[in-house]
Amino acid sequence: MFDAVVYRQNVETAAEAIRARIGLAPRIGLILGTGLAELAEKIEAETVIPYEEIPGFPLSTVESHPGRLLVGTLAGVPAYALQGRFHLYEGYDAPTVVFPVRVFGALGVDTLLISNAAGGMNPLYRKGDLMLLSDHINFQNANPLVGPNIDDWGDRFPDMSAPYDEELQRIAEEKALEEGIKLHRGVYVSVTGPNLETRAEYRMLRAWGADVVGMSTVPEVIAARHMNMRVLAVSVVTDECFPDALAPVSLEEIIAAAGKAEPLLTRLMSAIVSTIGA
Ligand code: HPA
């Protein structure tokens, strides 16, 4: 059974350990997903903390995720960046998956920017395109808020009428236009994974109203909204999931596609952070 008292203590201990090692007090947190960890290179790091040096922090088991926390400035604005995230398919429970988001909350982060790799189901989307999340569907059989509610963090029944901040979406669209970056806007559906979907599943998820599908992000967004953070998330379309013309796809291809889109995403995120921080 989930022990909220111990969990909260662990979050606070981790936050203290981080605070003790840094001079900055960023209000912005970034989560860098599959193949996108290089966005971190644009961060002028004051401190780099491997996850294993943060007490209670889970460790990444996925090769494409290095597993360290960067504290520094992006476009001159103080920010934390998680280079490597945790997924349900690794075997972590939902509270563990969102542990870093809880630590961000304890550190005073009020704005969370997330990137992820996702399969494109909207037939207008192409591999390498970017999509701003306007909404999501939680189709993972898990929720990080299950168990006793920690009232100091947020409500028992948090509102989800607008999980993705409208003002941040507006800024993202404005910056995309300025930078000449094509940015779709659509719905992300989360699955547990780790297998990709069958044709029948893609057909179903598309019929539900989702534009892309992925294995992350939704638990983190739920925890962040629980703590009343503003959230913005962008997907990189790494493969085309059209059920009537589906080709096999490998993790290598997904990572390569994410890597190719990375310069665009880096430019977009830097422009957004610079605007928020101004
Ligand atoms: N399905 C689920 N997750 C994914 C996909 C996909 O097709 N592509 C990248 N992440």
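Anything mentioned here points back to the structure above.
Worth saying up front: this structure is predicted, and the values here are computed from it rather than measured.

Conventions we followed
- Residues numbered from 1 in each chain as written.
- Predicted model: local features only at pLDDT ≥ 70, side-chain atom pairs only at ≥ 80, totals over all residues.
- Heavy atoms only, no water.
- Axes fitted to C-alpha atoms, helices over the stretch in contact; angles between N-to-C directions.
- Helix = DSSP H or I, 4+ residues; strand = E, 2+ residues; numbered from the N terminus.
- Parallel < 35°, antiparallel > 145°, perpendicular 65-115°, else oblique.
- Left-handed = near helix turned anticlockwise from the far one by under 90°.
- Contact = heavy atoms within 4.5 Å.
- Near = heavy atom within 4 Å.
- Polar contact = N/O pair within 3.5 Å; in protein donor to acceptor, adjacent residues only side chain to side chain.
- Areas by Shrake-Rupley, 256 points an atom, 1.4 Å probe, with all protein chains shown as cover.
- Nonpolar A, V, L, I, M, F, W, Y, C, P; charged D, E, K, R; others polar.
- Buried < 20%, exposed > 50% of the residue type's maximum accessible area, 1.4 Å probe, protein only.
- Pairing = 2+ DSSP bridges.
- Right-handed = clockwise from strand over helix to strand, strands pointing away.
- Salt bridge = Lys/Arg side-chain N within 4 Å of Asp/Glu carboxyl O.

1. As for the packing of helix H4 (residues 166–179) against helix H7 (residues 251–277)
Phase 1: Where H4 meets H7, the axes come as close as 9 Å, and the angle between the chain directions of the two elements is 125°. One element, H4, and the other, H7, form an angle in the oblique class. In terms of crossing hand, the pair formed by H4 and H7 is right-handed. Contacts between H4 and H7 involve Leu168, Ile171, Ala172, Lys175, Ala176 and Glu179 on the former and, on the latter, Arg267, Leu268, Ala271, Ile272, Thr275 and Ile276.

2. A closer look at the site of the ligand
Phase 1: Close contacts around the ligand come from 13 residues, with Gly119, Glu197, Tyr202, Thr238 and Asp239 the closest.
Phase 2: Residue Glu197 places a side-chain N or O atom 2.6 Å away from a nitrogen atom belonging to the ligand.
Phase 3: Residue Asp239 places a side-chain N or O atom 2.7 Å away from a nitrogen atom belonging to the ligand.
Phase 4: Protein contact buries 95% of the 260 Å² of open area that the ligand shows by itself.
Phase 5: Elements with a contribution of two residues or more to the shell around the ligand: strand E5 (111–120), strand E8 (212–214) and strand E9 (230–240).
Phase 6: Per element, the largest residue contribution to the shell around the ligand is three residues, and it comes from E5.
Phase 7: Each residue belonging to the shell around the ligand can be placed in one class, and the counts come to eight nonpolar, three polar and two charged.

3. So, the pairing of strand E7 (residues 183–190)
Phase 1: In terms of burial, E7 is largely enclosed, as seven of its eight residues are buried.
Phase 2: Examined bridge by bridge, strand E6 (residues 130–138) and E7 share eight bridges and lie parallel to one another. Residue pairing across strands places Leu130 opposite Leu183, the latter belonging to E7.
Phase 3: In this sheet, E8 lies alongside E7 in parallel orientation, the contact comprising three bridges. Across the sheet, the residue bridging to Tyr188 is Val212, located in E8.
Phase 4: For the crossover from E7 across helix H5 (residues 199–207) to E8, the handedness is right-handed.

4. Side note on the pattern of salt bridges
Phase 1: Under the counting rule described, the total for this entry stands at 13 salt bridges.
Phase 2: For Asp110, the salt bridge identified is with Arg27, shortest N-O distance 2.6 Å. Remark: Arg27 occurs in the loop between helix H1 (4–19) and strand E1 (28–32) and Asp110 occurs in the loop between helix H3 (99–106) and E5; sequence separation between them is 83 residues.
Phase 3: Relative accessible area serves as the criterion here: at 25%, Asp110 is assigned to the partly exposed category.
Phase 4: Arg27 gets classed as exposed once you look at its relative accessible area, which sits at 51%.
Phase 5: Taking the shortest distance from any N to any O, the salt bridge between Arg170 and Glu174 comes out at 2.8 Å. Taken together, the residues Arg170 and Glu174, both in helix H4 and four residues apart, mark about one turn of the helix.
Phase 6: Exposure remark for Glu174: the relative accessible area of 33% places this residue in the partly exposed category.

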